[in-house]
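Chain and residue survey
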Amino acid sequence: MHPSPLPYIIPYLIAAIVSLGIAVHIWWHRMIRGATSFILVSLGVLIWTGGVVMELVSPSLGAKQWWTGIQMFGEVILPVGWLVFAWQYGRITRRVPLAMWALLTVEPLLTIYLAWTNGSNNLIWRSIWLDTSGPIPILASEFGVWFWINLVYSYVLYMVGTILLILGLSRAAHLHRWQLGLLAFSVLVPLVLNITDSAGLNPFPRQELTPLAMVFTEIVFAVGVFRFRQLDIVPVARCALIESMSDGV
């Protein structure tokens, strides 16, 4: 008899609850720039971590595969939500062009389709089996070609979004360097963990660390950006105000 999966489940369960709480909180403050797109990030983490919980408690290979497919929704939502959030909060435009939405969602929708029809194409996973060699049974797999294409696509969205966000944050007149460093660090942590996990270098091979690290990113941004409004004043707005004044400053 295998031991209880409860110790493995608890971190993901807490992460899912935290993500849900952040999504609800931001929804009540959705008039803040970038709030609605950040809800996508929170929902992505919620679906991913919730899917991991259900996968771990599922006893059969088929049930675990089904919940892995559910996790895929969260995994493809995250990079799109992140880039849109960075686009809006970096003050490029408040509204994301419809053409940009369409372009960004083509690859994720195709990835979802290929994941749920993997039995006939093997493009996401070349093979899937139940690994019972450890304390609890887990789903093991050999990745297919499209998995790596999706991974590169996601990394590109994360990196472009991070660059846009850092540029926007660096223009904030009242944002200290340590704050900028903390925000940048909170973004890079899950990215680095995901790279190590995909490369087979995860020190905890039976646990996915990326969605847990994304919760850390959520908390940092929810508190630092939405709670304290760190981008409410930027040099562009400051210059516009000064230019409109009739008296010398």
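This one's a predicted model, so the numbers in the text were calculated from it and none came from an experiment.

Examining the nonpolar core
Judged by nonpolar contacts, the single largest core of 44 residues is most densely connected at Phe38, Trp82 and Phe221. Elements with a minimum of two residues in this core: helix H1 (6-28), helix H2 (35-57), helix H3 (61-89), helix H4 (98-116), helix H6 (145-170), helix H7 (177-198) and helix H8 (210-227). At 9 residues, H2 tops the list of elements feeding residues into this core. Each residue touching Trp82, except ones within four places of it in the same chain, is listed here: Phe38, Val41, Leu157, Tyr158, Gly161, Thr162, Leu165, Val187, Thr217 and Phe221. Formed by 8 residues, the second largest nonpolar core is a distinct cluster that contains Val76, Ile112, Leu114 and Trp146.

Some points on H1
Taking 1.5 Å per residue, 23 residues should reach 33 Å; H1 reaches 33 Å between its end C-alpha atoms and fits that length. Residues of H1 that are buried include every one of Tyr8, Ile9, Tyr12, Ala15, Ala16, Ser19, Ile22, Ala23 and Ile26, and no others.

What about the packing of H3 against H4?
It is at 9 Å that the axes of H3 and H4 come closest, and there the two elements cross at 170 degrees. Relative to H4, the element H3 lies roughly antiparallel. The handedness of the crossing between H3 and H4 comes out as right-handed. Contacts from Trp66, Gly69, Ile70, Met72, Phe73, Val76, Val80, Leu83, Val84 and Trp87 in H3 reach Met100, Trp101, Leu104, Pro108, Thr111, Ile112, Ala115 and Trp116 in H4. Classifying every residue of the contact of H3 with H4 by side-chain character gives 16 nonpolar, 2 polar and no charged.

A few points about the confidence of the model for the protein chain
Interpretation of this model should avoid reading the predicted coordinates in detail wherever pLDDT is low. The pLDDT averaged across the protein chain works out to 81; a share of 81% of its residues lies at or above 70. Per-residue pLDDT stays below 50 along residues 230-245; that stretch engages in 26 contacts with residues further than four places along the chain or on separate chains.

Focus: unusual backbone geometry
We note that Asn122 has phi near 55 degrees; this positive angle belongs to a residue other than glycine. Turning to its location among the elements, Asn122 is positioned in the loop between helix H5 (118-121) and strand S1 (125-131).

Side note on the packing of aromatic side chains
Evaluated as defined, the whole model comprises 8 aromatic pairs. Aromatic pair Trp66 and Trp67: ring centres 4.9 Å apart, planes at 85 degrees, arrangement edge-to-face. Its relative accessible area of 42% is what places Trp66 among the partly exposed residues. Plain terms: the ring middles of Phe73 and Trp116 are 6.4 Å apart, the flat faces sit at 50 degrees to each other, and that makes the pair tilted. Of this pair, Phe73 sits in helix H3 while Trp116 sits in helix H4; the two residues are 43 residues apart in sequence, bridging distant segments of the chain.

A look at the pairing of strand S2 (residues 138-143)
Where S1 lies against S2, 6 bridges are found, and the strand directions are antiparallel. Bridge pairing in S2 links Asp131 to Ile138. The turn linking S1 back onto S2 is made up of 6 residues.

What counts, and at which threshold
- Residues numbered from 1 in each chain as written.
- Predicted model: local features only at pLDDT ≥ 70, side-chain atom pairs only at ≥ 80, totals over all residues.
- Heavy atoms only, no water.
- Core = buried A, V, L, I, M, F, W, Y, C linked by side-chain atoms within 4.5 Å.
- Buried < 20%, exposed > 50% of the residue type's maximum accessible area, 1.4 Å probe, protein only.
- Helix = DSSP H or I, 4+ residues; strand = E, 2+ residues; numbered from the N terminus.
- Contact = heavy atoms within 4.5 Å.
- Expected span 1.5 Å × (residues − 1).
- Axes fitted to C-alpha atoms, helices over the stretch in contact; angles between N-to-C directions.
- Parallel < 35°, antiparallel > 145°, perpendicular 65-115°, else oblique.
- Left-handed = near helix turned anticlockwise from the far one by under 90°.
- Nonpolar A, V, L, I, M, F, W, Y, C, P; charged D, E, K, R; others polar.
- pLDDT = per-residue confidence, 0-100.
- Phe/Tyr/Trp six-rings, centres within 6.5 Å; stacked < 30°, edge-to-face > 60°.
- Pairing = 2+ DSSP bridges.

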